[in-house]
Amino acid sequence: MKNERIYRAVRTFFQAFIGAVIANIGFYLSGVDNKKALISAVLSLIGCGVAAGIAAVMNPNKKEK
């Protein structure tokens, strides 16, 4: 029960993380300085964590309903 929720949160985190990495690679390659690219990457990781938390809360197991 709890493991399924953790699995979903981790899966959502990695899906969002991969999207953020791809976006930040493009951001970095466009010639933006390293400080702005780093700030963007950190904010993206925070967004990934929030997305994973929301997914865990909004998708309870069918047994929990």
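Up top is the structure these notes are about.
Rules behind the numbers
- Each chain carries its own residue numbering, running from 1 in the written order of its sequence.
- The model is predicted, so local features are restricted to residues of pLDDT at least 70 and side-chain atom pairs to those at 80 or more, both for listing and for counting; the totals for chains, interfaces and linings are taken over all residues.
- To obtain the side-chain values, all non-hydrogen atoms of the structure were used and water was disregarded.
- Here a pair means two rings of Phe, Tyr or Trp (six-membered ring of Trp) with centres within 6.5 Å. Their orientation is stacked below 30 degrees between planes, edge-to-face above 60, and tilted elsewhere.
- The helix count covers DSSP runs of H or I at least four residues long, the strand count covers runs of E at least two residues long, and both are numbered beginning at the N terminus.
- Patch membership requires over 30% relative accessible area and the absence of a salt bridge. Like charges are linked within 9 Å, and nonpolar side chains (Val, Leu, Ile, Met, Phe, Trp, Tyr) within 5 Å.
- Accessible areas in this description were obtained via Shrake-Rupley with a 1.4 Å probe; residue shielding takes into account the shown protein chains only.
- Basic side-chain nitrogens of Lys or Arg form a salt bridge, by our definition, when they fall within 4 Å of a carboxyl oxygen of Asp or Glu.

## What about the packing of aromatic side chains?
And step 1. One pass over the full model with this rule turns up 2 aromatic pairs.
And step 2. Here the aromatic rings of phenylalanine 13 and phenylalanine 17 are separated by 6.0 Å at their centres, their planes lie at 15°, and the arrangement is stacked. Here phenylalanine 13 and its partner phenylalanine 17 are both found in helix 1 (residues 2-29), 4 residues apart, which amounts to about one turn of the helix.
And step 3. Put simply, the rings of Phe13, Phe14 and Phe17 pair up and form one aromatic cluster.

## Side note on a nonpolar patch on the surface
And step 1. On the surface, Leu38, Ile39, Val42, Leu43, Ile46, Val50, Ile54, Val57 and Met58 cluster together into a nonpolar patch covering about 900 Å² of accessible area.
And step 2. Here leucine 38 is to be found in helix 2 (residues 34-58).

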